[in-house]
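Here is how the chains run, residue by residue.
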Amino acid sequence: MRQILVTGGGSGIGRAVAQDFAAKGDTVTIAGRRMQALEETNAGGKMRCLTVDVTDEGSVKTLFDRPYDVVVANAGTGHAMPLAQMPLDMWNDTLSVNLTGVFLTFRAALAEMPAGGRLIAMASIASLKGGANLAAYTAAKHGVLGLVRSLALEVAKSSITCNAVCPGFVDTPLAEGAVRNVMKRLEIDREEAEKRVVAGNPMRRMITCDEVVAAVRFLASKEASMINGHDLVVSGGEI
Ligand code: NAD
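Conventions we followed
- Residues numbered from 1 in each chain as written.
- Predicted model: local features only at pLDDT ≥ 70, side-chain atom pairs only at ≥ 80, totals over all residues.
- Heavy atoms only, no water.
- Buried < 20%, exposed > 50% of the residue type's maximum accessible area, 1.4 Å probe, protein only.
- Helix = DSSP H or I, 4+ residues; strand = E, 2+ residues; numbered from the N terminus.
- Pairing = 2+ DSSP bridges.
- Right-handed = clockwise from strand over helix to strand, strands pointing away.
- Core = buried A, V, L, I, M, F, W, Y, C linked by side-chain atoms within 4.5 Å.
- Contact = heavy atoms within 4.5 Å.
- Expected span 1.5 Å × (residues − 1).
- Bend = angle between axes of the 7 residues up to and from the residue.
- Axes fitted to C-alpha atoms, helices over the stretch in contact; angles between N-to-C directions.
- Parallel < 35°, antiparallel > 145°, perpendicular 65-115°, else oblique.
- Left-handed = near helix turned anticlockwise from the far one by under 90°.
- Nonpolar A, V, L, I, M, F, W, Y, C, P; charged D, E, K, R; others polar.
- Near = heavy atom within 4 Å.
- Polar contact = N/O pair within 3.5 Å; in protein donor to acceptor, adjacent residues only side chain to side chain.
- Domains from an automatic or database assignment.
- Salt bridge = Lys/Arg side-chain N within 4 Å of Asp/Glu carboxyl O.

Draft legend 1. Broad picture of the pairing of strand β2 (residues 27–32). With five of six residues buried, β2 is to be regarded as a mostly interior element. By the bridge criterion, five bridges tie strand β1 (residues 3–7) to β2 in an arrangement that is parallel. Opposite Gln 3, over in β2, you have Thr 27 as the bridge partner. Handedness of the crossover joining β1 and β2 through helix α1 (residues 12–23): right-handed. Alignment of β2 against strand β3 (residues 48–51), held across four bridges, turns out to be parallel. When the bridges of β3 are listed, Thr 29 appears paired with Arg 48.

Draft legend 2. Structural view of the nonpolar core. Among the nonpolar cores identified, the biggest contains 32 residues, and Phe 64, Val 71, Phe 106, Leu 119 and Cys 162 are the most heavily contacted of them. Listing elements by their share of this core, those giving two or more residues are β4 (70–73), α4 (88–110), β5 (118–122), α5 (135–155) and β6 (161–167). Of the residues forming this core, the biggest block, seven residues, is contributed by α5. Filtering out sequence-adjacent residues up to four positions away, Val 71 remains in contact with Leu 5, Phe 64, Thr 105, Phe 106, Ala 109, Met 113, Arg 118, Leu 119 and Ile 120. Core analysis: the next-biggest nonpolar cluster, separate from the first, contains 28 residues, Ile 4, Ile 30, Val 165 and Val 170 among them.

Draft legend 3. Seen up close, α4. Between its first and last C-alpha, α4 extends 31 Å over 23 residues, near the 33 Å set by a 1.5 Å rise per residue. Of all the bends in α4, the greatest measures close to 35° and is centred on Ser 96. Residues of α4 that are buried in the fold lie against β1, α3 (57–61), β4, β5, α5 and β6.

Draft legend 4. Region of interest: the packing of α1 against helix α8 (residues 209–220). In contact at an axis separation of 9 Å, α1 and α8 are set at 55° when each is read in the N-to-C sense. Considering the angle they form, α1 stands oblique to α8. For α1 against α8, the interelement crossing comes out right-handed. Residues Gly 12, Ile 13, Ala 16, Val 17, Asp 20 and Phe 21 of α1 lie in contact with α8, whose contacting residues are Cys 209, Val 212, Val 213, Val 216, Arg 217 and Ala 220. Along the lines of polarity and charge, the residues of the contact of α1 with α8 split into nine nonpolar, one polar and two charged.

Draft legend 5. Seen up close, the site of the ligand. Near the ligand lie 26 residues; those nearest to it are Ser 11, Asn 74, Tyr 137, Val 170 and Thr 172. The separation between an oxygen atom of the ligand and a polar side-chain atom of Ser 11 is 2.8 Å. Take Gly 76: an N or O atom from its main chain is 3.4 Å from an oxygen atom of the ligand. Contributions of two or more residues to the shell around the ligand are made by α1, α4, α5 and α6 (173–186). Classifying every residue of the shell around the ligand by side-chain character gives 13 nonpolar, nine polar and four charged. Residues lining the shell around the ligand come from more than one domain, with at least three contributed by each of domain 1 (3–168 + 208–234) and domain 2 (169–206).

Draft legend 6. Focus on the pattern of salt bridges. All told, the structure shown has 14 salt bridges when counted by the stated rule. The partner of Glu 57 in a salt bridge is Arg 107, with the nearest N and O atoms 2.6 Å apart. A residue pair is termed long-range when its members are at least 10 positions apart, and Glu 57 in helix α3 and Arg 107 in helix α4 qualify at 50 residues. According to the relative accessible area criterion, Arg 107 is partly exposed, its value standing at 41%. Among the charged side chains, a salt-bridge network with shared partners connects Glu 176, Arg 180, Arg 190 and Glu 194.

The following block contains the structure:
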């Protein structure tokens, strides 16, 4: 039975990933800011729920009281704002959660990760292309992919892999925030805002959490043992 850690496990993609591992019989620890959300993810009662702030070195350390075979650094946050108006604290917060959070999580994981271990970062298509009003998020997610590509070269000799999953718009609370933001900014209704949000996806729909879970499951599988430093894009052809 593998030991799995998923950060940001209280909602959206992290919740779906954690539930998938647990359903397959792995021992799953989920970590996030809100215990209530984590407990909702853990409806079956088999997961270990720990509160964490992934931007805080000491807090991240408390998650690593055991070696994990698979660590999914999924916690993230996104704000949309033209760069010219972006306050410094929004910039710092976005980099801190999305990029420094992955650094702290993977660094702590490496202390005890066994051979065959898997480091998986929830990156984004924003790791691979720019987006108007998304400079901080895009900079952070580009940074995540840089971290993954470099770390992959460091861990390879220990038979550990480090990869990124890069989804387009996925139907989660984070994407809901983006839809509401577009509604407000452009003063349009929900239907129109949703259309604009998925306009870049040739399939013209939001990606489901299950479609992202499939990518994580593959990278964590035995079959993916030679895939290292890769960005697995789940975007319906947007990239
Ligand atoms: P979400 O908001 O449902 O999940 C993000 C989770 O991260 C939440 O549970 C939140 O509490 C947690 N989190 C935020 N800051 C934290 C902190 N400081 N410490 C600990 N936990 C923290 O959104 P989601 O869409 O499921 O996002 C999951 C990941 O997928 C993120 O990294 C996001 O950037 C990435 N992603 C999302 C989309 C999308 O369209 N939804 C697309 C590409 C990538």
